[in-house]
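# Secondary and tertiary structure notes
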Amino acid sequence: MTVTQTVDGAGEAVHSSFRLALDRRFIALVCATAVPVTLQSLMSSSRTIVDALFVSHLGTDEIAAIGYSTRVIFIVLMAMLGTANGGAVIVAQFWGSGSARKARQATTLTVVIAGAIAVVVCTACFVWAREIMAVGTENSRVISLGTEYIRTVIPMIIPFAVISVLAASLRSLGQAKTAMNLALIGLFLHVALAYGLVFGNWGMPELRLAGAAWATVISTYAEFLLFIVYLYGRRHPMAFRIRDLREGVGNGILQKIWRVGLPVSLGSMSWAIGIFCYSAIVGRAGTQELAVLSMINPIEDTAVCFANGVATAAAVLIGNRIGEGADEERTWCMSKALLIWSTAVAAVCSLLLLLTSFWVGKIYGEIDGETIGVARDTAAVLAFVFIFRMTCMTLQNGLLRAGGDTVYILRADLGCQWLIAIPLTFMAALVWDLPFPLVFVAINSEEIVKAVISGYRVYRRKWVKRLVETATS
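Source: prediction; values computed, not measured.

A few words now on helix α16 (residues 369-402). End to end, α16 covers 46 Å across 34 residues, agreeing with the expected 50 Å (1.5 Å per residue, within 8%). Of all bends in α16, the biggest is about 40°, found at V385. Residue G404 follows α16 closely and has a positive phi angle near 80°.

Now the structure itself:
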């Protein structure tokens, strides 16, 4: 039984999306994916938050360095996650159609593609780390610190690529809790190692900024090994073999992944490169502005985890339903119910972000008062723009991606970011010299525009595409 079949009876009795959104069985299905994914995302982003909090005790240059360099790593992570999520669309539809074998083959091919990209990018980042840092700041100490951090942490990209694909596949099977539990172990290990290696506690060497990088590398490889042990120790349906690679290519699954996954990966990577450009522009505006952005990023990433949970639940539920061959009206009703939940969660998160703005000074106690004041105002702005961001994630990463409408997503991401947000941010920061909170609005202008145009795209209901055939194997 697939993840959406259990609401079929409820779907027949429910005559409106609002009533479906309040149906207990539907809520249970949403939470079964959204809660574990949110918790896993929180645990993953907690690594960045922990590093930022620990490093903030070392000084403004250190937090500026880790904030900028982690934006560089973020580009690569998004490319990996984009590839994984693109493959997961195919996995979800195969699983919904009843073909565990082809779902495993899709997982296998996605692992190979993501792994190959990771190796290439890892090499490039290691070789050109200093040049990458020099793009965003002229502060020689920040460049030196960031270069050391990038070269130390970048090997984690390779196991992260595999983890991302396996976790996305498990979510497509309705087994998000497993990935969450494994991520929890990785988080505990990371926190312990970061506390020891940054400050030299528990008899460990005091490596300061490099210590945070080593904690990330070691904990990521440990999490990777846990995934492998779990899948093959349990003889899980997604525990692939070499023959799955050959059969997947022969069955034409590679072309399906390429058609769906490539736009998702390119879109994710392009979006992440845009985030890097924002950091570079802000870095050119001044070290204080870069430090504020570095302080806000962990808070923003925490809120995004909740958005990611709802968006992933939407992608899994709608992807399975499309794979089952459900009629369009049922799919549309569920889509609107998911948007209702997304709006509700966005409102709660925005309120919490507004409250968080009053606590920025407590979170970053070692930072000077002027920088804290700017960060507090920026956090309040984040509370406003987050509603648009979460709506956009549910529309694009949830519904449109599940329907295979990935080329549109790529166009929307590229157009809104590179034609609107990046030029506007450049003008606001470097030409008009606006206060940083207004610069932050410019950075998020793409989310506002995408929420509007993607909402219209979903409303037109031409995005649902069945990418797999019905199977019994």
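In this section: the packing of helix α4 (residues 60-97) against helix α8 (residues 157-172). Between α4 and α8, the shortest axis-to-axis distance is 8 Å and the interhelical angle comes to 30°. Relative to α8, α4 is oriented roughly parallel. Viewed along their axes, α4 and α8 form a crossing whose handedness is right-handed. For the pair formed by α4 and α8, the contact residues are I73, V76, L77, M80, L81, A84, N85, A88, V91, A92 and W95 on the first element and I157, F160, A161, S164, V165, A168, S169, R171 and S172 on the second. Grouping the constituent residues of the contact of α4 with α8 by class yields 15 nonpolar, four polar and one charged.

Our next topic: the pattern of salt bridges. A full pass over the atoms with the stated rule returns four salt bridges. Between D244 and R104 there is a salt bridge; the shortest N-O distance is 3.1 Å. Here D244, found in helix α11 (residues 242-250), pairs with R104, found in helix α5 (residues 100-127); they are 140 residues apart in sequence, far enough to count as distant. Residues E206 and R208 are paired through a salt bridge, measuring 3.9 Å at the closest nitrogen-oxygen approach. A single network of salt bridges, built from pairs that share partners, joins D413, E446 and K450.

Another aspect to go through is the confidence of the model for the protein. Across the protein, pLDDT averages 80, with 89% of residues at or above 70. Taken element by element, the predicted model of the protein shows its lowest mean pLDDT in helix α1 (residues 8-13) (43) and its highest in helix α10 (residues 209-233) (91).

This part covers the nonpolar core. Counting residues in each nonpolar core, the largest one holds 107 residues, and the members touching the most others are I157, F227, I296, F386 and F440. Broken down by element, this core gets its largest block of residues, 16 residues, from α4. Discounting chain neighbours no more than four positions away, the residues touching F440 are L293, I296, E300, T378, V381, L382 and V385. In terms of nonpolar packing, the next biggest core, distinct from the first, is built from 26 residues, L317, C333, M334 and L400 among them.

Remark: helix α7 (residues 140-153) packs on α10, axes separated minimally by 8 Å, with the N-to-C direction vectors making an angle of 15°. On the basis of their axis angle, the class for α7 and α10 is roughly parallel. The element α7 and its partner α10 pack so that their crossing is right-handed. In this structure, α7 contributes L145, E148, Y149, T152 and V153 to the contact, and α10 contributes L209, A210, A212, A213, W214, T216 and V217.

Among the structural elements, R389 can be located in helix α16. According to the relative accessible area criterion, R389 is buried, its value standing at 8%. Not counting residues up to four positions away in its chain, the partners in contact with R389 are W271, E300, V304 and E447.

The final tally for this structure, using the stated rule, is five aromatic pairs. Taking the centre distance of 6.3 Å and the plane angle of 70° together, the rings of Y195 and F199 count as edge-to-face. Pair noted here: Y195 and F199 are both in helix α9 (residues 176-199), with a separation of four residues, about one helical turn. The class for Y195 is partly exposed, based on a relative accessible area of 34%. Relative to F440, the ring of F436 lies with its centre 6.4 Å away and its plane at 45°, an arrangement referred to as tilted. Highlighted residues: F436 and F440, both in helix α18 (residues 436-443), separated by four residues, approximately one helical turn. In this structure, F436 and F440 share a single accessibility class: buried. Sitting over the ring of F126, R151 keeps its end group 5.8 Å from the ring centre.

Rules behind the numbers
- Residues numbered from 1 in each chain as written.
- Predicted model: local features only at pLDDT ≥ 70, side-chain atom pairs only at ≥ 80, totals over all residues.
- Heavy atoms only, no water.
- Helix = DSSP H or I, 4+ residues; strand = E, 2+ residues; numbered from the N terminus.
- Expected span 1.5 Å × (residues − 1).
- Bend = angle between axes of the 7 residues up to and from the residue.
- Axes fitted to C-alpha atoms, helices over the stretch in contact; angles between N-to-C directions.
- Parallel < 35°, antiparallel > 145°, perpendicular 65-115°, else oblique.
- Left-handed = near helix turned anticlockwise from the far one by under 90°.
- Contact = heavy atoms within 4.5 Å.
- Nonpolar A, V, L, I, M, F, W, Y, C, P; charged D, E, K, R; others polar.
- Salt bridge = Lys/Arg side-chain N within 4 Å of Asp/Glu carboxyl O.
- pLDDT = per-residue confidence, 0-100.
- Core = buried A, V, L, I, M, F, W, Y, C linked by side-chain atoms within 4.5 Å.
- Buried < 20%, exposed > 50% of the residue type's maximum accessible area, 1.4 Å probe, protein only.
- Phe/Tyr/Trp six-rings, centres within 6.5 Å; stacked < 30°, edge-to-face > 60°.
- Lys NZ or Arg CZ within 6 Å of the ring centre and 35° of its normal.

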